[in-house]
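Summary of the model geometry
Here is what each chain is made of, one letter per residue.
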Protein chains: 2
Amino acid sequence: MSQPDTKQRILNSAEHQFATDGYHATSLRSITAAAAVNLAAVNYHFGSKEALLEAVIIRRLDPLNKIRLGKLEALLKKAEQVKEVPASRDILRTFIEPTLHLRQQGSDTEDFVALTGRILAEPRGVAMSIFIHHMEPLMIRLFQALSLSLPELSHQTLFWRLHFVIGSLSHIMRCHERHSIVPEDISIDPSVDELVEMFLDFATAGMEETK
Amino acid sequence: MSQPDTKQRILNSAEHQFATDGYHATSLRSITAAAAVNLAAVNYHFGSKEALLEAVIIRRLDPLNKIRLGKLEALLKKAEQVKEVPASRDILRTFIEPTLHLRQQGSDTEDFVALTGRILAEPRGVAMSIFIHHMEPLMIRLFQALSLSLPELSHQTLFWRLHFVIGSLSHIMRCHERHSIVPEDISIDPSVDELVEMFLDFATAGMEETK
DNA sequence: GTATGATTTAAACGTATGTTTTAATTCTGT
DNA sequence: ACAGAATTAAAACATACGTTTAAATCATAC
């Protein structure tokens, strides 16, 4: 190819701008300008703006979900071998840890984390259906595993608590930098690992609460 | 006035459409058409589309925050009289309960709840700064109260846990109807009061976790 | 080296947007 | 009833958008 990978350059640029400004507030002209490619390249390579968004999402989401599902299945298998139920903290970890760890792997993936969090919040119709379609198998498995680990909870309670955890997670993913609704005197950014453990403390306690 | 309250009709229509489709995906033409007023009325009464968004937010947020702050101050005062620290569950309740109770007060406020949740997720620049400005005093007070109630937690831990709670809450506010990433067999929608208690169980446990 | 298919380019298309303008209309106070 | 201010109305404005077109350029295989 003449230009080194036009498609990838578009995907990177789109990922960054969608994550920063949102889907509707981002124009193809600014995406292609930042990627230093021609305006028509998006429609040539992807078909439409919406298809570009889908490509942006899928490029990262599928590998991520493979990792998450792999860790979850491995955990369940190991627990079964010892004839024990897996701890809810470990189950949640298989979902949370790979997600937040994306932030360490360079700024491109950082954009995706923010974008993912934002999609969960955007009005349905555009990306939500794509997203749900790619998340559903994992979520079902996660729900089953938690149900196994916390049999005393009703399905409704478990469902909502998982809902709460996902809400928190998507919030963290969106506001990785300057959230600061509460302006702290000393607001040292924790490391990703610290954040994971801090969130697991919170989420596990909320999950396991007997009430 | 000839038409009964053009401004209110615009605010209602805008609130509904901003909440449903998002700010950027909503046009002034569809807002004014739904409100059955002239297109130019928005710029005449509010000045611009962005100023309209601000008006939509402030109309509901200020009264809501007055209620929340009032309940919080009353709680703190009562606790001080008995020389005790308020329970973290009660503190969280002053914030969560008035928010979710908006959903019972008619469908107009329901729209606002969804919109509020969405603003927390939208890219900063448009509404975020408005929102933060109006939330800050309340959040500071909330943080102080929780710090009083949970003195064993470091400020950093407390800050993040409050962050998690707000994330969950905004997620609930956004997805009041069709969440269903996990398609439940029996997904009976709980009443608002049940939801409040269920969320308080979760959030309080996560907050109070000693680790 | 030239023909073929894939890609890039520049330009235009049709449409939709937020905003402004100017005139008509309605309300208010006397 | 009437003058003046406030509001509404219809139209136009300038601009930005996603998409399409048609020619130019490139890569590759014969």
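Helices and strands together make up the secondary structure of chain A, namely nine helices and zero strands. Traced from its N-terminal end to its C-terminal end, chain A shows the element sequence α-α-α-α-α-α-α-α-α. By the burial criterion, 55% of the 211 residues in chain A qualify as buried. Long-range pairs, those at least 24 residues apart, make up 74% of the contacts in chain A with a sequence separation of at least 6.

Take the protein's contact with DNA strand D next. Of all residues adjacent to DNA strand D, which total 17 residues, the nearest are Leu28(A), Arg29(A), Lys49(A), Thr6(B) and His45(B). The sugar-phosphate backbone supplies 50% of the atoms of DNA strand D found within 4 Å of the protein. One of the side-chain N or O atoms of Tyr44(B) is found 3.1 Å from a phosphate oxygen in DNA strand D. His45(B) has a polar side-chain atom sitting 2.7 Å from a phosphate oxygen of DNA strand D.

Residue and element names in this part refer to chain A. For Ala 36, which is not glycine, the phi torsion reads 60° and is therefore positive. One can find Ala 36 in the loop between helix H2 (28-35) and helix H3 (41-45). A relative accessible area of 53% means that Ala 36 is categorised as exposed.

Glancing now at the packing of aromatic side chains. Under the definition given, this model contains 12 aromatic pairs over all chains. Look at Trp160(A) and Phe164(A): their rings are 6.2 Å apart centre to centre, the planes differ by 45°, and that puts the pair in the tilted class. On the criterion of helical spacing, the pair formed by Trp160(A) and Phe164(A) is a turn pair, its members being four residues apart in helix H8 (residues 155-174). The residues Trp160(A) and Phe164(A) share a single accessibility class, namely buried. Ring centres 5.1 Å apart and planes at 55° place the aromatic pair Phe202(A) and Phe164(B) in the tilted group. Taken together, the residues span two chains, with Phe202(A) in helix H9 (residues 192-208) and Phe164(B) in helix H8 (residues 155-174). For Phe202(A), a relative accessible area of 1% gives the class buried. The exposure class of Phe164(B) is buried, given its relative accessible area of 0%. In textbook terms, an aromatic cluster arises when at least three aromatic residues are bridged by ring pairs, as seen for Phe159(A), Trp160(A), Phe164(A), Phe199(A), Phe202(A), Phe159(B), Trp160(B), Phe164(B), Phe199(B) and Phe202(B). The ring centre of Phe46(A) lies 5.7 Å from the NZ or CZ of Lys7(A), which sits over that ring.

About the thresholds
Residues numbered from 1 in each chain as written. Chains lettered and ligands numbered in written order. Predicted model: local features only at pLDDT ≥ 70, side-chain atom pairs only at ≥ 80, totals over all residues. Heavy atoms only, no water. Helix = DSSP H or I, 4+ residues; strand = E, 2+ residues; numbered from the N terminus. Buried < 20%, exposed > 50% of the residue type's maximum accessible area, 1.4 Å probe, protein only. Contact = heavy atoms within 4.5 Å. Near = heavy atom within 4 Å. Polar contact = N/O pair within 3.5 Å; in protein donor to acceptor, adjacent residues only side chain to side chain. Phe/Tyr/Trp six-rings, centres within 6.5 Å; stacked < 30°, edge-to-face > 60°. Lys NZ or Arg CZ within 6 Å of the ring centre and 35° of its normal.

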